[in-house]
Amino acid sequence: MKEHAIWHVFCFHKRVNLSLYENASALRGLEQYQNVIANNIAASHVAGFKKVAVSFEAVEGGEIARSTHDRLRNEMPGSFPVMKNQVDYNEGEMKETSNPMDLALRGDGFFALVNQNGDSVYTRDGQFYVDSQGAMVNSMGHQFSDDGGASIQTSPGGGDLSIDKEGQIFQGNQNIGKLGVFTFENPLLDLQKVGGGFVAKDPETEPAVADPSNFTIMQGYLESSNVSAIEEMIGLIEVSRAHEANQKMIQTFDQNIGKAIGTLGQTS
């Protein structure tokens, strides 16, 4: 009889241990989710920023036999949450700034920048400046590319810049180039996030020049981030409640295993 009770304590302990691992895994996933939300909120003021969306799925992590008599048909499956995240490329709100050095891109595509290492970076942030060499650059000094991948040079003293809806750049009455707008076949697969922009996951991946009928460039506007402060705050509340629930579950399992050992372990 005592051996039978000990076996039940052992099996119960196995089940509780599995549940503890499941809840601990959930807490780890919730921590990662909270970090994503924090990053989204921190970058919500950046023009053209694309938030990261989170989803969870349950993945079977193993099985523990309930008894030694029937291992194949009488198991306790373990299920563990796995967080998945992907960039949300939905367009943000277009806000008028009346600054001629602000550009918003409505529709498909990305502006292309060339950083100091000569690498291409893609962004929806169209805020630009003209540096001391007359090149169109962003706040980090990365040069905007034309539709052929070359930098865009302005003429010192040549007058203000105007950019039409297709990206044609005029300085005074002179056309000095065309702002590059590029698309990828599948941004979710082809691009990875780097700071406020994106780079190609595979250096061999070449973007296509966007069809002007699929986009509109708006001078004097900026695209806001697509982060919704309300949605992110709701996410934080959900994370807090789920975190509290999992902590309570862990405490309950801990108390139950103590009671089980104390009660069943005394059976003679």
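Provided above is the structure to which this section pertains.
From a predicted model like this one, the values you see are computed outputs, not experimental measurements.

## Looking at the overall build of the chain
Okay, so step 1: Within the chain one finds three helices and 18 strands.
Okay, so step 2: A total of 268 residues make up the chain; the buried ones form 36% of that total.
Okay, so step 3: In the chain, the proportion of contacts linking residues at least 24 apart, taken out of those at least 6 apart, comes to 66%.
Okay, so step 4: Roughly 15,500 Å² of accessible area belongs to the chain as shown, and the carbon and sulfur atoms make up 50% of that amount.

## Quick notes on the nonpolar core
Okay, so step 1: Among the nonpolar cores identified, the biggest contains 18 residues, and Phe111, Met136, Phe144, Leu179 and Ile217 are the most heavily contacted of them.
Okay, so step 2: Of all the secondary-structure elements, those providing two or more residues to this core are β4 (103–107), β5 (110–114), β10 (161–163) and β17 (215–219).
Okay, so step 3: By size, the runner-up hydrophobic cluster in this structure holds eight residues, among which are Ala112, Tyr122, Phe184 and Leu191.

## Some remarks on the side chain of threonine 123
Okay, so step 1: Mapped onto the elements, threonine 123 comes out in strand β6 (residues 120–123).
Okay, so step 2: One polar contact links the side chain of threonine 123 to the main-chain amide nitrogen of aspartate 125, over a distance of 2.9 Å.
Okay, so step 3: Contacts of threonine 123, omitting those with residues within four sequence positions, involve Phe110, Phe111, Leu113 and Gly196.

## What to know about the side chain of histidine 142
Okay, so step 1: By the secondary structure assignment, histidine 142 is in the loop between β8 (136–137) and β9 (143–144).
Okay, so step 2: A residue is classified by how much of its surface remains accessible, and histidine 142, at 10% relative accessible area, is buried.
Okay, so step 3: A polar side-chain atom of histidine 142 sits 3.1 Å from a polar atom in the side chain of glutamine 116.
Okay, so step 4: For histidine 142, the contacting residues outside a window of four places in its chain are Leu113, Val114, Asn115, Gln116, Met136 and Val137.

## Here we look at the pattern of salt bridges
Okay, so step 1: Throughout the structure, instances matching the rule amount to five salt bridges.
Okay, so step 2: In this structure, lysine 50 and glutamate 223 form a salt bridge, with 2.5 Å as the shortest nitrogen-oxygen distance. In this pair, lysine 50 is assigned in the loop between α1 (2–42) and β1 (52–65) and glutamate 223 in strand β18 (residues 221–223), connecting sequence segments 173 residues apart.
Okay, so step 3: Exposure remark for lysine 50: the relative accessible area of 1% places this residue in the buried category.
Okay, so step 4: Salt-bridge contacts for arginine 106 lead to glutamate 91; the nearest nitrogen and oxygen are separated by 3.8 Å. Of this pair, arginine 106 sits in strand β4 while glutamate 91 is found in the loop between β2 (75–87) and β3 (94–96), placing the two residues 15 residues apart along the sequence.
Okay, so step 5: Relative accessible area serves as the criterion here: at 36%, glutamate 91 is assigned to the partly exposed category.
Okay, so step 6: Through salt bridges that share partners, Lys50, Glu91, Arg106, Arg124 and Glu223 make up one connected network.

## Overview of the environment of serine 120
Okay, so step 1: Looking at the secondary structure, you find serine 120 in strand β6.
Okay, so step 2: Serine 120 gets classed as partly exposed once you look at its relative accessible area, which sits at 35%.
Okay, so step 3: On a C-alpha basis, the gap between serine 120 and histidine 142 in space is 9.3 Å, while along the polypeptide they are 22 residues apart.
Okay, so step 4: Every residue in contact with serine 120, bar those within four places of it in the chain, is listed here: Leu113, Phe198 and Val199.

## Thoughts on the sheet that holds β10
Okay, so step 1: Strand order across the open sheet formed by three strands is β10-β11-β12, with antiparallel pairing between neighbours. Among the strands making up the open sheet, the edge pair consists of β10 and β12 (174–178). Shown here is a sheet whose adjacent strand axes are inclined to one another by a mean of 30 degrees, direction ignored.
Okay, so step 2: Bridge count between β10 and strand β11 (residues 168–171): three bridges; the pairing is antiparallel. What sits directly across from leucine 161, in β11, is glutamine 171.

The rules behind the values
- Residues numbered from 1 in each chain as written.
- Predicted model: local features only at pLDDT ≥ 70, side-chain atom pairs only at ≥ 80, totals over all residues.
- Heavy atoms only, no water.
- Helix = DSSP H or I, 4+ residues; strand = E, 2+ residues; numbered from the N terminus.
- Buried < 20%, exposed > 50% of the residue type's maximum accessible area, 1.4 Å probe, protein only.
- Contact = heavy atoms within 4.5 Å.
- Areas by Shrake-Rupley, 256 points an atom, 1.4 Å probe, with all protein chains shown as cover.
- Core = buried A, V, L, I, M, F, W, Y, C linked by side-chain atoms within 4.5 Å.
- Polar contact = N/O pair within 3.5 Å; in protein donor to acceptor, adjacent residues only side chain to side chain.
- Salt bridge = Lys/Arg side-chain N within 4 Å of Asp/Glu carboxyl O.
- Pairing = 2+ DSSP bridges.
- Axes fitted to C-alpha atoms, helices over the stretch in contact; angles between N-to-C directions.

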